[in-house]
Amino acid sequence: MLDFYYAPTPNGWKVAIMLEECSLRYNTIFINLTDGAQFAPHFLKISPNAKIPAIVDHDPPEGYEGSVSVFESGAIMIYLAEKSGQFMPTNDSLRKEAIEWLFWQVGNQGPMGGQHSHFFNYAPQIKDKGYEYSVKRYKGEYERSLAVLDIRLQGQPYILGNEYTIVDMISFPWAFIAKSMGVSLDNFPNIADWRNRIKTRPAVQNAINLYKNLQNLGPNKVTAETNKILYNQSATNFQTHKP
Ligand SMILES: N[C@@H](CCC(=O)N[C@@H](CS)C(=O)NCC(=O)O)C(=O)O
């Protein structure tokens, strides 16, 4: 059995998709990011960067002792692929490409999408100095990452070619919500097709519906008043927000 530390966000969906695709048994533990549950001391032991997703595997593969915790979505995807023996190429050359695209996702598409979402969806009410530039900067970077992905998908159904892998699962969520971030996929036809191909998978449907009622996307649900943490990230959160 696995404990899955989760909130219904794009980074949470990545791991939910993999768990569902592998039919692994898991126990979902909701981390209320608005309340600062990510800074609780017991959670920081599992996820020292104070972010979801994270897992604790109570039945790890041979070579590990006791329960194993894993944080950072890319590391979790590799861990689960190795544990299950699924969705990761075994061929050296394709495995190298899988690692490249995983790092690309967690270093580019994820953070740029996240920053764009913050400024576009969450922070429009904070129109202080530099706001317009922040929106322009991160929208441009997010669209740039979509262009990279669109070019990669030209002439092939999945990021690594014909095989659906953890790289598709990890890249899907931040493309899935493009429209809600003010970006049309009309300019990225290869992504639009790939998105539809993945979205219709039953495992993906289960994942994106997991705790859907607890989603708080959008400026109407999250404001600077209701979410002091999201709007005021700083080093002191580790000292002051211990629910
Ligand atoms: N690089 C991390 C990013 C994770 C991340 O940003 N998670 C967000 C939710 S989508 C979070 O936990 N935010 C809480 C916070 O910023 O306090 C990963 O890929 O796992």
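Read on for an overview of the structure.

Right, let's talk about the sheet that holds strand β1 (residues 2-6) for a bit. Pairing within the open sheet is mixed, and its 4 strands lie in the order β2-β1-β3-β4. In the strand order of this sheet, the two ends are held by β2 (26-30) and β4 (68-71), each with one partner. For this sheet, the mean inter-axis angle between neighbouring strands, taken without regard to orientation, is 20°. Note: β1 against β2, 5 bridges, orientation parallel. Within β2, the position partnered with L2 by the bridge is Y26. Packed on one face of the sheet, helix α1 (residues 10-21) meets β1, β2 and β3 (54-57) and runs near 155° to β1. Its contacts with the sheet place helix α3 (residues 73-84) against β1, β3 and β4, and it is angled at close to 135° to β4.

A few words now on the packing of helix α4 (residues 92-122) against helix α5 (residues 131-152). The geometry of α4 relative to α5 is characterised by a closest axis approach of 8 Å and an angle of 150° between their N-to-C directions. Judged on the interaxial angle alone, α5 and α4 are roughly antiparallel. Crossing of α4 over α5 shows left-handed handedness. By residue class, the composition of the contact of α4 with α5 is 11 nonpolar, 7 polar and 5 charged.

Around the ligand, the neighbouring residues are T9, N11, K14, L33, Q38, K51, I52, P53, E72, S73 and Q233. Side-chain polar atom of S73 to an oxygen atom of the ligand: 2.6 Å apart, as the coordinates give it. Starting from 510 Å² of accessible surface for the ligand in isolation, the protein chains cover 82%. Split into classes, the residues belonging to the shell around the ligand amount to 3 nonpolar, 5 polar and 3 charged.

Moving on: the pattern of salt bridges. Scanning the entire structure with this criterion turns up 8 salt bridges. Between E143 and K139 there is a salt bridge whose closest N-O contact spans 3.6 Å. Of this pair, E143 and K139 both sit in helix α5, separated by 4 residues, roughly a single helical turn. What makes E143 partly exposed here is its relative accessible area of 27%. Several salt bridges share partner residues, and in doing so they unite R137, E141 and R144 into one network.

To continue, consider unusual backbone geometry. Note that the residue after I52, namely P53, is joined by a cis bond; omega there is 5°. One can find P53 in the loop between α2 (41-46) and β3. Positioned with a positive phi, A50 is a non-glycine residue whose angle comes to about 60°. Residue class for A50 comes out buried when judged on its relative accessible area of 7%. With a phi angle near 65°, F87 is a residue other than glycine that sits in the positive phi range. Among the secondary structure elements, F87 is positioned in the loop between α3 and α4. With a relative accessible area of 16%, F87 lands in the buried category.

The rules behind each value
- Residues numbered from 1 in each chain as written.
- Predicted model: local features only at pLDDT ≥ 70, side-chain atom pairs only at ≥ 80, totals over all residues.
- Heavy atoms only, no water.
- Pairing = 2+ DSSP bridges.
- Helix = DSSP H or I, 4+ residues; strand = E, 2+ residues; numbered from the N terminus.
- Axes fitted to C-alpha atoms, helices over the stretch in contact; angles between N-to-C directions.
- Contact = heavy atoms within 4.5 Å.
- Parallel < 35°, antiparallel > 145°, perpendicular 65-115°, else oblique.
- Left-handed = near helix turned anticlockwise from the far one by under 90°.
- Nonpolar A, V, L, I, M, F, W, Y, C, P; charged D, E, K, R; others polar.
- Near = heavy atom within 4 Å.
- Polar contact = N/O pair within 3.5 Å; in protein donor to acceptor, adjacent residues only side chain to side chain.
- Areas by Shrake-Rupley, 256 points an atom, 1.4 Å probe, with all protein chains shown as cover.
- Salt bridge = Lys/Arg side-chain N within 4 Å of Asp/Glu carboxyl O.
- Buried < 20%, exposed > 50% of the residue type's maximum accessible area, 1.4 Å probe, protein only.

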